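Inside the fold
This is what each chain is made of:
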Amino acid sequence: MLPSGWTQKESKSHPGRMFYINSYTGETTWTMPTQPAVPVDESQVQVFHILRKHRGSRRPSSWRQEVISKPIEEARAEIQSYVDQLRAAEAQGGFQALFEVFQRIAYQESDCGSHERGGDLGLFGRGQMQKAFEEESFRLNPGEMSGIVETDSGVHVLLRVR
């Protein structure tokens, strides 16, 4: 029996495989939950992101490239191509497909150290991120993806999961 606050759905990308959705947070898991879902602390969000730095970034280097010399326009175009791929994945397979593709792109392409966690920045509250990033993170509902977000760090796309 499924604990309260969770729903079960069949994966479109893996027919016959079920995943579970926390009705409070939008969090998904392949593992059947054993505890009821609980409402979240609204003062914190959990966001995954993909970052593309450019030569005008606060620190124009990353694990991928020691010196980043590309112009901001190129970083914007790269993030826009990811947004397009992600929207297509979501249209085809819903949130689960969006989430899987987002994590894969973040792991392979993001200039942030969070790439190792598929772009997961964990829980954070107000005042912990750059203003544009924070505003977009709190504006999104769980399960929603942003368009392009620019900060001093570079160009991002965000996916709020909680």
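A short tour of the structure in this document, coming up. (Residues numbered from 1 in each chain as written. Predicted model: local features only at pLDDT ≥ 70, side-chain atom pairs only at ≥ 80, totals over all residues. Heavy atoms only, no water.)

1. Considering the pattern of salt bridges
Applying the stated criterion to the full structure yields 10 salt bridges. Residue Arg52 pairs with Asp111 through a salt bridge whose shortest N-O separation is 3.6 Å. Note that Arg52 is positioned in strand E4 (residues 44–52) and Asp111 in the loop between helix H1 (72–109) and strand E5 (120–125), a separation of 59 residues in sequence. Where Arg139 meets Glu136, a salt bridge forms, and the shortest distance between an N and an O atom there is 2.6 Å. With Arg139 and Glu136 both in helix H2 (residues 131–139) and three residues apart, this pair spans about one turn of that helix. What makes Glu136 buried here is its relative accessible area of 15%. Bridged by salt links that share partners, the residues Arg52, Arg64, Lys70, Glu78, Glu109 and Asp111 form one connected network. (Salt bridge = Lys/Arg side-chain N within 4 Å of Asp/Glu carboxyl O. Helix = DSSP H or I, 4+ residues; strand = E, 2+ residues; numbered from the N terminus. Buried < 20%, exposed > 50% of the residue type's maximum accessible area, 1.4 Å probe, protein only.)

2. A short note on the environment of Gly125
Note on placement: Gly125 falls in strand E5. A relative accessible area of 7% places Gly125 in the buried class. As a C-alpha pair, Gly125 and Pro60 span 65 residues in sequence and 26 Å in three-dimensional space. What Gly125 contacts, discounting residues up to four positions off in sequence, is Ser43, Gln44 and Phe138. (Contact = heavy atoms within 4.5 Å.)

The analysis is restricted to geometry; functional conclusions fall outside its scope.
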